Amino acid sequence: MTLAAIIGIIVVGWAIFTFNRLIRLRQLGDNAWSDIDVQLKRRHDLIPNVVAVVQGHAGYERSTLEALVAARGRAVQATQAGPATRAREEDPLGNALQRVVAVAEAYPELKAVASFAALQATLTDVEDHLQNARRYYNAVVRDFNTAIAQFPAGIIAAMLRLRPREFFGLEDPSERAVPKVPLALLLLALSATSLSAQRSYSIERFDARVRVNRDASIDVTESITARFVGSWNGLYRTIPVKYRTPQGLNWTLGVSLQSAQDDAGRNLRTETSRQGAYIKYKVWIPGAANADRTLVLRYHATNGLRFFDEHDELYWNVTGDEWEVPIRAATAEIELPPGTPGARAIAFNGVYGSTARDATVTIDGNIVRIAMPHSLGYHEGLTAVVGWDKGVVTAPTVIARTAQTVRSNWPLLLPIPVLLFAFARWRRAGADPRLRPIAVQYEPPPSMTPAEAGTLMDNSADMRAEPQALWLVRRRDQLFAAAPQERGRSHAP
């Protein structure tokens, strides 16, 4: 198999994969739009029932019902239009429904009607399904439009004549503001919010102690105090372990959990998983119900130091930036080997990529202390950068650093075995075979007749050579037949 054939197979495989992916996204988009269409039809079918139930009550605002009916008429006329047009026509219908339900709250006798209560429940269900279907459809459309716009997948998309799809409702200003929903939905959301408020948690303190060892490894102890409101099973601790170097290469930390205990020293049940650039520890905490609980994590980390020409450095994300709740107080204490010269440190806080430096940093000999003067918000973290003069810790060898780089960036090495395989296949089947030296012969071999020699020279049988060949064959047979008689006569007495 030649290199061209291998490249052709790879290209064909990529084309098949891309084709199937684009077709799958297109099919998902069609299915998602069908779901939206079903929910919109359910909403249109419910409106005549709403009007029929409420229009008989005295004093009810007739203009509100007329606006609802008119909005439904325009929405029904746009059923064959595209998603963007339908979204523009469905928005006034949703607003009209909101006004109808809001005004109905002023009529106790209407609220007491069982049929109206059933209609409200059905409308709530329709609106919930419609919002979920809209979010799912827009997510699929986003992925589809991104896929056909990328290179080289756009080549396959152009061959299939795929065009970007329209979003449903993204151009509606209400998408960027607080959503307008019927009052029944609002009451339902408020009740759900009150229930969720009864079950929450927050991180009251996050104290980390990091010890830098002379063998370039680090030992980390984290004390996390959480306040639980309601009943909880435990906490997740998510640690970023994969970073990107300025050269564009991956840099991966080696983190191994040593223990997970409560403040009394009792071991806790844990479960470890890897999610992209993060390692995630799931820790079960007994008694995490309406109480404050402290979790103590200890783990060992490698490849956490960076080595430069003039200094070595620890770059450590102290708290991580994946917490979905505030961290009221965060501190870090970094212990360097005794006698470390030239210690210096800075700290960054905020969301990923932030350059804010609000934390206070103090250096006392080989101890660096960092403290946040205020709480950390949603998905905000604290990162410590500590440097010192070279010669304190043992830097890994070039071979060890190369091996670590290879482990973190192994996909970049895939072309090497492919090239070696292609070269081996070429040497085996594609290269010209080695030939022995060719010696020129000016006379035919003794066993070859002139006719055979002539055929070998010009690759064709000459008719003039055939009689000579037949004569030679006949002459050979005569000589062979006469040979016994000659031998017998020579030995006669």
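Note that residues are indexed from 1 along each chain, following the sequence as it is written. With pLDDT at 70 or above as the cut-off, local features in this predicted model cover only qualifying residues; side-chain atom pairs require 80 or more to be listed or tallied, and sums for whole chains, interfaces and linings still use all residues. Side-chain measures were taken over the full set of non-hydrogen atoms in the model, leaving aside hydrogen atoms and water.

## Focus on the pairing of strand E2 (residues 218-231)
Then step 1. Two strands pair under a simple rule: DSSP has to find at least two bridges between them. Strands are runs of DSSP state E lasting at least two residues, helices are runs of H or I lasting at least four, and both sets are numbered from the N terminus onward. When strand E1 (residues 200-212) meets E2, the two strands line up antiparallel, connected through twelve bridges. Looking at E2, one finds that Ser-200 is bridged to Val-229.
Then step 2. Connecting the antiparallel pair E1 and E2 is a turn made up of five residues, with Ala-216 showing a positive phi of about 75°.
Then step 3. Across twelve bridges, E2 lies against strand E9 (residues 289-302) in antiparallel orientation. Pairing of Ile-224 across the sheet is with Leu-295, part of E9.

## Things to note about the sheet that holds strand E7 (residues 270-275)
Then step 1. Taking strand neighbours across the sheet as the criterion, the three strands line up as E3-E8-E7 in an open arrangement whose pairing is antiparallel. Edge positions in the sheet fall to strand E3 (234-240) and E7, since each has one partner strand and no second. Averaged over all neighbouring strand pairs, the angle between strand axes comes to 20°, with direction disregarded.
Then step 2. In terms of strand pairing, E3 meets strand E8 (residues 278-284) through seven bridges, oriented antiparallel. Considered in E8, the bridge of Thr-238 is made with Lys-280. Lines fitted to C-alpha atoms define the axes, with helix axes restricted to the stretch in contact, and inter-axis angles between N-to-C directions lie between 0 and 180 degrees.

## Some thoughts on the pattern of salt bridges
Then step 1. Just to be clear on terms, a salt bridge is a Lys or Arg side-chain nitrogen sitting within 4 Å of an Asp or Glu carboxyl oxygen. Within the structure shown, the criterion is met by 18 salt bridges.
Then step 2. Across the pair Arg-142 and Asp-143 runs a salt bridge whose closest N-O atoms are separated by 3.4 Å.
Then step 3. By relative accessible area, which is 47% here, Arg-142 ends up partly exposed.
Then step 4. Ionic pairing is found between Glu-335 and Arg-209, a salt bridge with its closest N-O pair at 3.0 Å. Here Glu-335 is found in strand E12 (residues 330-335), whereas its partner Arg-209 is found in strand E1, with 126 residues between them in sequence.
Then step 5. For the exposure calls, accessible area comes from a 1.4 Å probe over protein chains only, and a residue counts as buried if that area is under 20% of its type's maximum, exposed if over 50%, partly exposed in between. On the accessibility criterion, Arg-209 (38% relative accessible area) is partly exposed.
Then step 6. Three or more residues are tied together by salt bridges with common partners; here these are Arg-209, Glu-333, Glu-335, Asp-364 and Arg-369.

## A short note on a nonpolar patch on the surface
Then step 1. Together, Leu-3, Ile-7, Val-11 and Trp-14 make up an exposed nonpolar region whose accessible area comes to about 340 Å².
Then step 2. Residue placement: Trp-14 occurs in helix H1 (residues 3-54).
Then step 3. The exposure class of Trp-14 is partly exposed, given its relative accessible area of 32%. A patch is a set of surface residues, each over 30% in relative accessible area and not in a salt bridge, joined within 9 Å for like charges and within 5 Å for the nonpolar side chains Val, Leu, Ile, Met, Phe, Trp and Tyr. Shrake-Rupley sampling with a 1.4 Å probe provides the accessible areas, and residues are treated as covered by the protein chains on show and by no other component.

## Looking at the confidence of the model for the chain
As a general rule, the predicted coordinates of low-pLDDT regions are not to be interpreted in detail.
Then step 1. As a per-residue measure, pLDDT reflects the predictor's confidence and takes values from 0 up to 100. Per-residue confidence for the chain gives a mean pLDDT of 78, with 80% of residues at or over 70.
Then step 2. Contacts between residues were defined by any pair of non-hydrogen atoms, one from each residue, lying within 4.5 Å. Across residues 170-197, confidence stays below pLDDT 50; counting only partners more than four residues off in sequence or on other chains, it has 29 contacts.

## Concerning the side chain of Thr-294
Then step 1. Within the fold, Thr-294 resides in strand E9.
Then step 2. For Thr-294, a relative accessible area of 17% corresponds to the buried category.
Then step 3. Ignoring anything within four residues of it in the chain, the contact list for Thr-294 reads Ser-223, Ile-224, Thr-225, Gln-261, Asp-262 and Asp-263.

## Brief notes about the packing of aromatic side chains
Then step 1. When the centres of two rings from Phe, Tyr and Trp lie within 6.5 Å, Trp using its six-membered ring, the rings pair. Their planes under 30 degrees apart give stacked, over 60 give edge-to-face, and anything left gives tilted. Evaluation of the coordinates by the stated rule reveals eight aromatic pairs.
Then step 2. Ring centres of Trp-33 and Phe-168 lie 5.6 Å apart, and the angle between their planes is 65°; on these two criteria the pair is classed as edge-to-face. Placement of Trp-33 in helix H1 and of Phe-168 in the loop between helix H6 (153-159) and helix H7 (183-197) is noted, with a sequence separation of 135 residues between them.
Then step 3. Residue classification places Trp-33 among the buried residues on the basis of a relative accessible area of 17%.
Then step 4. Ring geometry for Phe-206 versus Trp-323: centroids 6.4 Å apart, planes at 75°, classification edge-to-face. Placement of Phe-206 in strand E1 and of Trp-323 in the loop between strand E11 (311-317) and E12 is noted, with a sequence separation of 117 residues between them. Of the two residues, Phe-206 and Trp-323, both sit in the buried class.
Then step 5. In this structure an aromatic cluster arises from ring pairing among Trp-33, Tyr-137 and Phe-168.
Then step 6. Charge-over-ring placement is defined geometrically: NZ (Lys) or CZ (Arg) within 6 Å of the ring centre, and within 35 degrees of the ring normal. For Arg-269, the ring lying beneath its charged end belongs to Trp-284, and the centroid distance is 3.8 Å.

## Things to note about the sheet that holds E11
Then step 1. With respect to topology, four strands assemble into an open sheet ordered E10-E11-E16-E13, the strand pairing being antiparallel. Bordering the open sheet on either side are strand E10 (305-307) and strand E13 (344-350), each of which pairs with just one other strand. Strand-to-strand twist of the sheet, defined as the mean angle between neighbouring strand axes without regard to direction, takes the value 20°.
Then step 2. Relative to E11, E10 runs antiparallel, the two being bridged by three bridges. Note that in E11 the partner of Arg-306 across the bridge is Glu-313.

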